[in-house]
Amino acid sequence: MGIINTFWKGYYLMSDPNKTYKKGWEDAINGNPRHQYKMTLLFNQYKQTQELYDKGYNDGLKEKLIRKI
């Protein structure tokens, strides 16, 4: 991943954390694999962002299961 991609990914993550939650939720509903941010090991903010994504992903899986039932 280039420096420009890293910058924009970082900007996207820091600008609106709710987008990350929604993206996780939508990925779970659409059956996309879970996304892992490579920078989560380096910065606390990115760790929180990954947790938000995971929470959205897990909530989306629960919603998908409820829809099946």
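Reading the values: rules and limits
- Residues numbered from 1 in each chain as written.
- Predicted model: local features only at pLDDT ≥ 70, side-chain atom pairs only at ≥ 80, totals over all residues.
- Heavy atoms only, no water.
- Axes fitted to C-alpha atoms, helices over the stretch in contact; angles between N-to-C directions.
- Helix = DSSP H or I, 4+ residues; strand = E, 2+ residues; numbered from the N terminus.
- Parallel < 35°, antiparallel > 145°, perpendicular 65-115°, else oblique.
- Left-handed = near helix turned anticlockwise from the far one by under 90°.
- Contact = heavy atoms within 4.5 Å.
- Salt bridge = Lys/Arg side-chain N within 4 Å of Asp/Glu carboxyl O.
- Buried < 20%, exposed > 50% of the residue type's maximum accessible area, 1.4 Å probe, protein only.
- Expected span 1.5 Å × (residues − 1).
- Arc of directions from axis to C-beta.

Peer 1: Help me get a handle on the packing of helix H1 (residues 3-15) against helix H3 (residues 44-68), residues and values and all.
Peer 2: How two helices sit against one another is set out by the angle between their axes and by the gap between those axes. Here H1 crosses H3 at 70°, and the two axes come no closer than 10 Å. The orientation of H1 relative to H3 falls into the category roughly perpendicular. Where H1 crosses over H3, the handedness of that crossing is left-handed. In this structure, H1 contributes Gly10, Leu13 and Met14 to the contact, and H3 contributes Gln45, Tyr46 and Thr49.

Peer 1: Give me the pattern of salt bridges: which residues, what numbers.
Peer 2: With the rule as written, the count across this model stands at four salt bridges. Note that Lys23 is salt-bridged to Asp27, the shortest N-O span being 3.3 Å. Placement of the pair is Lys23 and Asp27 together in helix H2 (residues 17-30), with a separation of four residues, close to one helical turn. What makes Lys23 partly exposed here is its relative accessible area of 31%.

Peer 1: Provide a residue-level description of H2, including the pertinent values.
Peer 2: Its 14 residues give H2 an end-to-end C-alpha distance of 20 Å, which sits within 8% of 20 Å, the value for a rise of 1.5 Å per residue. Thr20, Gly24, Asp27 and Ala28 are the residues of H2 that are buried. Projected down its long axis, H2 shows its buried positions confined to an angular sector of 100°, all on one face. In H2, the exposed positions angled more than 90 degrees off the buried face are occupied by Lys22 and Asn30. Buried residues along H2 sit in contact with H1 and H3. Of the residues flanking the end of H2, it is Gly31, one or two places downstream, whose phi is positive at about 80°.

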